[in-house]
Each structure stands twice: as structure tokens, then as C-alpha cells.
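Residue-level structure breakdown
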Amino acid sequence: MCGILAVLGCTDNSQAKRSRIIELSRRLRHRGPDWSGLHCYEDCYLAHQRLAIVDPASGDQPLYNQDKTVVVTVNGEIYNHKELRAQLKSHTFRTGSDCEVIAHLYEEHGEDFVDMLDGMFSFVLLDTRDKSFIAARDAIGITPLYIGLGSGWVTLNNQVGKATLMEFSF
């Protein structure tokens with residue numbers, strides 16, 4: 001399983017804060033030792049520690065839609081990704097990752113796409129066009145997703161105790 005961390009609404013966009021987010025993300029490395037990724041957009045950060053199972057060569061995260069305005073970091077597996085990808089004929093995919101369909105489905109269906117996913121997953125999706133986000137997990141809750149709220153910011157991750165949500169002081 002992968003490690004995901006999102007910090008949204010962080011008013012401090014200094015290099016020190018970016019370094020702190022990278023440090024907290026690295027605490028999840030045991031969940032994903034194959035790749036580390038970070039996407040920053042204004043006051044939003046999406047970090048990922050990848051365990052490469054599906055498309056180990058090109059499925060590094062965070063993942064994007066075609067014009068990179070939709071960003072997603074995912075833990076888990078989308079079982080019906082091939083069927084969903086086949087429905088998105090007008091979209092260009094960069095990877096063979098099962099999770100890349102999430103960004104494209106969001107473009108096509110808005111937040112209602114979550115009900116189309118079959119699998120075990122938790123994710124955070126950031127739409128940079130309006131700075132909105134969606135956080136979701138599978139209906140059974142196989143993959144966890146923890147939320148921490150502060151004064152104007154929110155953090156999400158998939159393991160309490162490693163990148164502890166209470167350690168943030170933005």
C-alpha cells in the first residue's frame with residue numbers, strides 16, 4: 001500500500017514548510033518505498049510514497065489529468081480501471097496506472113464519479129481551476145483516510161502515528 005499526505009490551505013508556503021511536509025511524507029515511506037512525489041499548488045500540497053504494483057515503470061504519483069489542472073494522490077487499487085478507461089475515449093492517459101482514471105473521471109462526471117469506482121482506495125483530488133478538493137475512500141473503508149482540521153487548513157493522510165496530523169502548526 002502507498003502513503004498519501006495532503007496539506008490544503010497552508011498559508012505558509014516557505015521553503016521551510018515545504019521541507020516539513022516532505023519530512024512528514026517520508027515517515028510514510030514504509031508504505032511505499034519505490035517512489036516519492038510532491039505536487040505544490042499555491043497553498044496546497046499533495047505528497048505520495050509509492051509502492052509500485054500496477055504500472056511500476058510510469059505510474060508515479062501524484063497523477064494528473066491531461067492539462068495537469070486536476071491532481072490526485074491515491075492509496076489502493078481500482079479494480080475496474082480498464083472498463084472505466086475504455087469509457088474515456090476522448091482522454092489521453094500518461095500512464096498505465098489503475099489510479100489515473102480518477103482524474104479523468106472527475107473531469108467527465110464531477111464528484112459523482114466516486115460511485116463508479118470498484119476497489120479498495122483512499123485518495124485526495126485537487127482541482128486547481130477553483131482550488132476545490134475531494135477526499136474519498138472505498139465504501140467499506142479498507143484503506144483508511146484521516147482528517148485533521150486547523151484554522152483555515154486541512155490535512156489528510158492514510159496512517160496516524162507516522163505523519164501525525166497534530167504535528168502541523170500552520
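Residues numbered from 1 in each chain as written. Predicted model: local features only at pLDDT ≥ 70, side-chain atom pairs only at ≥ 80, totals over all residues. Heavy atoms only, no water.

1. Looking at the overall build of the chain
This is how it is decided: Numbering goes from the N terminus for both helices and strands, where a helix is a DSSP run of H or I of at least four residues and a strand is a run of E of at least two. Think of it in three bands: residues with accessible area under 20% of the maximum for their type are buried, residues over 50% are exposed, and the middle band is partly exposed, with areas taken using a 1.4 Å probe on protein chains only. Two residues qualify as a contact provided that any one of their heavy atoms is within 4.5 Å of a heavy atom in the partner residue.
Across its full length, the chain holds three helices and nine strands. When the elements of the chain are put in sequence order from the N terminus, they spell out β-α-β-β-β-β-α-α-β-β-β-β. The burial tally for the chain puts 51% of its 170 residues in the buried class. Within the chain, contacts between residues at least 6 apart in sequence are counted, and of these 55% link residues at least 24 apart.

2. A closer look at unusual backbone geometry
With the exception of glycine, the majority of residues adopt a negative phi angle, and the majority of peptide bonds are in the trans configuration. Of note in the backbone geometry, E42 takes a positive phi value of approximately 50° without being a glycine. Along the chain, E42 turns up in the loop between β2 (35-41) and β3 (44-50). In this structure E42 comes out as partly exposed when scored by relative accessible area, which is 48%. Within the chain, K131 stands out as a residue other than glycine whose phi angle is a positive 55°. Its location among the elements puts K131 in the loop between β6 (119-127) and β7 (132-137). Residue K131 is classed as partly exposed on the basis of its relative accessible area, which comes to 33%.

3. Let's talk about helix α3 (residues 101-109)
The set of residues buried in α3 consists of V101, I102, A103, H104, L105 and Y106. Packed against the buried residues of α3 are β4 (63-64), β5 (70-78), α2 (81-87), β6 and β7.

4. Some words on the pattern of salt bridges
How we decide: By convention in these notes, a salt bridge is any Lys or Arg side-chain nitrogen within 4 Å of a carboxyl oxygen on Asp or Glu.
Per the counting criterion, the structure on display carries three salt bridges. One salt bridge in this structure joins K131 and E42, with 3.5 Å as the shortest N-O distance. A residue pair is termed long-range when its members are at least 10 positions apart, and K131 in the loop between β6 and β7 and E42 in the loop between β2 and β3 qualify at 89 residues. D127 is paired through a salt bridge with R129; the nearest N and O atoms lie 2.9 Å apart. For D127, a relative accessible area of 3% translates into the label buried. Taking relative accessible area as the criterion, R129 reaches 48% and is therefore assigned partly exposed.

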